[in-house]
Amino acid sequence: MDANISRRQLFRGALALGGVVAVGGSLAACSTTEPGGSQSGGGLLDRAKQEGLRVAIGNEPPYTQLDPDGTVTGVEPDVLKVVCARMGIDKIEGITTGYDAMIPGLMANRWDVIAAGLFMKKSRCAEVAYASPVIVSTESFGVQPGNPENIRTIADVTDRKELRVGVVPGGFEQGILEEAGIRADRIINVTDARGGADALGANRIDAFLLPTLSLRELADVEVTAPIEDAPKTGSSAAFRPDDQDFVDAYTEELEKFKTEPEFAEILEKWGFDPTVVAGVTRYELCSVDG
Ligand code: 6CS
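Okay, so let's go over this structure. (Residues numbered from 1 in each chain as written. Predicted model: local features only at pLDDT ≥ 70, side-chain atom pairs only at ≥ 80, totals over all residues. Heavy atoms only, no water.)

### Overview of the state of the cysteines
By definition, a disulfide is the covalent link that joins the sulfur atoms of two cysteine residues. Evaluated as defined, the whole model comprises one disulfide. Across a sulfur-sulfur distance of 2.0 Å, C125 and C286 are joined as a disulfide pair. Residues C125 and C286 are joined through a disulfide that is left-handed, its torsion about the S-S bond being -75°. Highlighted residues: C125 in helix α5 (residues 122-125) and C286 in the segment after α13 (282-285), separated in sequence by 161 residues. (Disulfide = S-S within 2.5 Å. Helix = DSSP H or I, 4+ residues; strand = E, 2+ residues; numbered from the N terminus.)

### Considering the sheet that holds strand β12 (residues 187-189)
As summarised here, the arrangement of the five strands in space is β12-β11-β13-β10-β14, forming an open sheet in which the pairing is mixed. Here the strands that pair on one side only, and so sit at the sheet edges, are β12 and β14 (222-223). As judged from the five bridges shared by strand β10 (residues 139-143) and strand β13 (residues 207-211), these two strands associate in the antiparallel manner. Within β13, the residue paired with S140 across the bridge is L210. Contacts from helix α8 (residues 193-201) reach β10 and β13, with the element oriented near 160° to β13. (Pairing = 2+ DSSP bridges. Contact = heavy atoms within 4.5 Å. Axes fitted to C-alpha atoms, helices over the stretch in contact; angles between N-to-C directions.)

### Thoughts on the nonpolar core
Among the nonpolar cores identified, the biggest contains 84 residues, and V79, I114, F141, Y250 and L267 are the most heavily contacted of them. Among the elements that make up this core, the one with the highest residue count is helix α3 (residues 75-86) (six residues). (Core = buried A, V, L, I, M, F, W, Y, C linked by side-chain atoms within 4.5 Å. Buried < 20%, exposed > 50% of the residue type's maximum accessible area, 1.4 Å probe, protein only.)

### Looking at the site of the ligand
The environment of the ligand is made up of 14 residues, and the closest members are G117, F119, R124, F172 and E173. Note that an oxygen atom of the ligand is positioned 2.8 Å from one of the backbone N or O atoms of F119. Across the complex, the protein chains shield 100% of the 300 Å² of accessible surface that the ligand would expose by itself. Elements represented by at least two residues in the shell around the ligand include exactly α7 (172-179) and β13. Taken together, the residues of the shell around the ligand sort by class into nine nonpolar, two polar and three charged. (Near = heavy atom within 4 Å. Polar contact = N/O pair within 3.5 Å; in protein donor to acceptor, adjacent residues only side chain to side chain. Areas by Shrake-Rupley, 256 points an atom, 1.4 Å probe, with all protein chains shown as cover. Nonpolar A, V, L, I, M, F, W, Y, C, P; charged D, E, K, R; others polar.)

### Quick word on the packing of aromatic side chains
The full count for this structure, using the stated rule, is seven aromatic pairs. Residues Y63 and F272 carry aromatic rings whose centres are separated by 5.0 Å and whose planes lie at 80° to one another, so their mutual orientation is edge-to-face. One end of the pair, Y63, is in the loop between β3 (53-57) and β4 (65-66); the other, F272, is in the loop between α11 (261-269) and α12 (274-277), and 209 residues separate them in sequence. Relative accessible area serves as the criterion here: at 1%, Y63 is assigned to the buried category. (Phe/Tyr/Trp six-rings, centres within 6.5 Å; stacked < 30°, edge-to-face > 60°.)

### Quick look at the packing of α3 against α11
Running from amino to carboxyl end, α3 crosses α11 at an angle of 155°, the nearest separation of the two axes being 8 Å. In this view, α3 runs roughly antiparallel relative to α11, as classed from their interaxial angle. The element α3 and its partner α11 pack so that their crossing is right-handed. Contact residues: V75, D78, V79, V82 and R86 in α3; E262, F263, I266, L267 and K269 in α11. Class assignment for the residues of the contact of α3 with α11 results in six nonpolar, no polar and four charged. (Parallel < 35°, antiparallel > 145°, perpendicular 65-115°, else oblique. Left-handed = near helix turned anticlockwise from the far one by under 90°.)

### As for the pairing of β13
Put simply, side chains in a regular strand alternate between the two faces of the sheet. Of all five residues that make up β13, five are buried, and the element is covered over most of its length. As paired elements, strand β11 (residues 165-167) and β13 share two bridges and run parallel to each other. Bridged to G166 within β13 is F208.

### Description of the pattern of salt bridges
Tallied over the full model, the rule gives 18 salt bridges. R160 is the partner of E149 in a salt bridge, and the nearest nitrogen-oxygen pair spans 2.4 Å. Highlighted residues: E149 in the loop between β10 and α6 (154-159) and R160 in the loop between α6 and β11, separated in sequence by 11 residues. Exposure remark for E149: the relative accessible area of 31% places this residue in the partly exposed category. For R160, a relative accessible area of 25% gives the class partly exposed. Taking the shortest distance from any N to any O, the salt bridge between R240 and D243 comes out at 3.2 Å. Here R240 matches D243 in class, with each residue buried. (Salt bridge = Lys/Arg side-chain N within 4 Å of Asp/Glu carboxyl O.)

### Here we look at unusual backbone geometry
Here the residue pair P61 and P62 is connected by a cis peptide bond, since its omega of 5° sits within 30 degrees of zero. Despite not being glycine, N150 shows a phi value in the positive range, around 50°. Summarising the element assignment, N150 is placed in the loop between β10 and α6.

What follows is the structure, encoded as structure tokens:
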């Protein structure tokens, strides 16, 4: 065999012969799946059943968590694993990345799905295919001990031109501040939840805008009550638009699962209120500006 023949060429060749291809010593059924999307609907599902699903996460508990042994957990991956198992997919591989890289990486076929608490909003819903909502949560500020600047709302930060707010790059919170018209030089990128806590401790920022439950995971950060003038933050698994057949099948299984006690148990285990997401639609969350 020509050493340069690609797996795809090999598959196509074998497909034409209706055969099964031995690849790397293991048998892989011929697949018509073009990487990065499905053909004839079943592409991603067939491939995931054989090879598993690659999932982008932020490793930001309680939304997502990559355990030392490589196990992927957190509220969204735990729901994803149950639904995928019911679809015949039993291998989930977690890949930790920044929120700003999640959609570009999905479209570049570096992973097959985002299950990270990537909150729905207009611009994201225009690029990816979300399943129906799994969680709805809130945003808060991490602040200095005693909240000396009395920062409680987005309006507080908008009105006080000297305040600097930390956000993770390309995250939903950066969008909130930009939508509020806050100057770019007051929006300070921090690496992640830990980086934001450190920036706060070093007084490089006056407040750290992040989901309430993520901030509460940081032992050394004072967390405000949920911000009343922040948009609703809801999310679910996000896929490539080309994989819409998979999304439809996934959503059908997910909606059944959402009626079962185990769904509520997973959400409550991670600190989410299952009653809050009941009845909330993708349409509603995808109408959030930004
Ligand atoms: O959707 C987002 O971009 C945000 N989601 C989470 C769970 N954490 C921060 C991030 O900015």
